[in-house]
Structures are given as C-alpha cells and as structure tokens.
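Survey of secondary and tertiary structure
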Amino acid sequence: MKVSVVIPCLNAEKTITVQLEALAHQQWSQAWEVIISDNGSTDSTLSVVEKYKMSIPNLRIVDASDRTGASHARNVGAKAAKGESLIFIDADDEVAPGWLAAMGEALSKYDFIAGHNDYNKLSNPWVVKCYQLENGTGVMENTYYLPFAGSGNLGIKRAIHEKLGGFDESLYQSEDVDYCWRASYVGTKLHYVPDAIAHIRLRDSLASIYRRSWDVGKGGILVYKKHRPLGMPQLVTWKTLLKTSVILTMQLLLLQIRDKESLGKWLISFAWRGGQFWGCIKYQYLPL
C-alpha cells in the first residue's frame, strides 16, 4: 500500500458524502486506501460511509471514540493505516479532481507535503472575505516562526509521523501548526504541492466565527508555551493585547463596522485577542 488517506470524523453525516464522492472519483496508478477514523459519531455518519465501500477501494472504518479530539482520531487512523505515506484530510471538505495523484506523486519525492486549500467553492463569499482567503492557502511561510500548513490537506511519510509521535493530543487548536514545527525540528522540510487542491469549508455564522477565533486564540497559548523554549520568538505581550483592545474599541466607536463582512472581521480580531488573554490566565502564562 503506497498511500493511506486518513479522515477523522465526528457526526459528519451532513458533509462527509461530498468528500467520499470526491474520493470515489480519484484515479491513481498506485495502491491506496481510505481510513475513516470515527471519534464517536452518534448520527448516521457510519451508515453513510458503509455505502461507499463498493466505490472506494480499500475503505475502512476504525474506532477512535475512546478519547475526544481530531488529533486522537488522526493518530488512531494513522496507526491502523497500511500505507508507506499518510495523507490527512477532513470530513467536511472536498478534494478536487486529480488531488490524489498529485499528492501521491509528490510523496514519492518528498517526505512532507501540503496541497493548496481553496475556500471559495464550499464557503459563503462574505466569510471568505472576512478571513481574507480569496486566493487560498498553501504552505504558510514568512510568518512569525517556522512554515506550517493546515491538517486538512497534509501528507507525510509514515516513518516521519511515527518519529514525531503523531499529533499532540493535548492540544485542541493549532495542533497542525505544532505538528509542522516539530517536523522542522527533526530536519523535515514542508513542500508545497499547488496541483493538489482541496476545497475547504468555513463555518458561516457569526457565532461560529467568534467561537473558532476565541478557541484559536486561547489554544494558541498552549502551542506558544510549548515552542517558546525551543526558539519561537515572543508573540504575545501585554502591549500587543492592550494595543489591539484600543484599536478594536476605536473601530467600534467610530462606526467602522457597517455590514456583516466588517463585523465578521472585527469579531475575528476581537475573539482571537480575547482568547489569547483568557489563555494567558487559564494556562498561567505571563506575557511580559
């Protein structure tokens, strides 16, 4: 088996059909399999998956319900997988035609890869603009630290995954960032595969945007505490938290929030910084 596609899922009955249908139409000359790692679904997700066992070669379901979290589900799926390489995607997205072949061929050359994420097909336009993702994403370079990519379109050699110990199950946000950084620590470069396109679904309510941004901010403090001693630059300080609070307050007072899109952008910044502040308190980090 050359490649194992690992999909963590939890109550994905409304979206997983789109992803499975896309996988059923993938073509590649090498042997591959799909592992559905179920994190304890209570809806009809598994019944939906069962229907695709005839159209997707080597489709299997593994039980990952003993511990909550996508990281745990990915690790359980990876452990059950038979492929020389692992590819991680999500149950609520959709891989584009030619995605598997592009990722598979790239993994024959490189140890660690990330495809291109498109947000326009499955997401509301105003949400895409809120996140400023109109042009999609690939490998995030020239950021505040090392390159990284999202876990919804990520491939790695099994040996490297095992060397890293898999995804850190103690992290509930930005675990993919942590995973990529740890790969860099052991000398594994992350390569970009622009032809391997995955359509990513963004949540489209203001409440879900707020919750996600808050969780990213709060959970990011755990990642920061973990990597700061390993060389990560200073990211969160009281000055940055205070400065952002003043800017956001002024935007509100000056009535710069005029529509749903501007409100979404404001909520993203507000919730992210608020989550960071709460994370500093919760995880006892003093941002000096």
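Residues numbered from 1 in each chain as written. Predicted model: local features only at pLDDT ≥ 70, side-chain atom pairs only at ≥ 80, totals over all residues. Heavy atoms only, no water.

On to the overall build of the protein, then. For the protein, the helix and strand inventory stands at 10 helices and 8 strands. For 288 residues, the compact-globule formula gives about 19 Å, and the C-alpha radius of gyration of the protein, at 19 Å, lands near that figure. Principal-axis analysis of the C-alpha atoms places the extent of the protein at approximately 60 × 40 × 35 Å. Residues classed as buried in the protein amount to 51% of the 288 residues present. Of the roughly 14,000 Å² of accessible surface on the protein, a fraction of 54% belongs to carbon and sulfur atoms. Charge-centre separation for the protein: the mean point of 32 positive side chains lies 7 Å from the mean point of 29 negative side chains. (Helix = DSSP H or I, 4+ residues; strand = E, 2+ residues; numbered from the N terminus. Rg over C-alpha atoms; globule rule 2.2 N^0.38 Å. Buried < 20%, exposed > 50% of the residue type's maximum accessible area, 1.4 Å probe, protein only. Areas by Shrake-Rupley, 256 points an atom, 1.4 Å probe, with all protein chains shown as cover. Lys, Arg positive; Asp, Glu negative; His and termini not counted. Charge placed at Lys NZ, Arg CZ, Asp CG, Glu CD.)

What the 8 strands build is an open sheet, ordered β3-β2-β1-β4-β7-β6-β8-β5; its pairing is mixed. Strands with a single pairing partner mark the edges of an open sheet, and in this sheet they are β3 (59–63) and β5 (94–95). As defined by bridge partners, β5 adjoins strand β8 (residues 191–199) across 2 bridges and the pair is classed as antiparallel. Each bridged residue has a counterpart across the sheet, and for Glu94 the counterpart in β8 is His199. (Pairing = 2+ DSSP bridges.)

This part takes up the nonpolar core. Core analysis: the largest hydrophobic core is formed by 37 residues, its most contacted members being Phe88, Phe112, Leu154, Ile156, Tyr179, Trp181 and Leu190. Counting residues per element, the ones that place at least two in this core are α3 (70–80), β4 (85–89), β6 (112–118), β7 (153–157), α6 (158–164), α7 (175–185) and α8 (206–227). Here the element with the most residues in this core is α7; it accounts for 5 residues. Residues in contact with Ile156, not counting those within four places in the same chain, are Ser85, Leu86, Phe88, Leu107, Asp111, Phe112, His161, Leu164 and Tyr179. One finds Val5, Leu100, Met103 and Ala106 within the second-largest nonpolar core, a separate group that totals 31 residues. (Core = buried A, V, L, I, M, F, W, Y, C linked by side-chain atoms within 4.5 Å. Contact = heavy atoms within 4.5 Å.)

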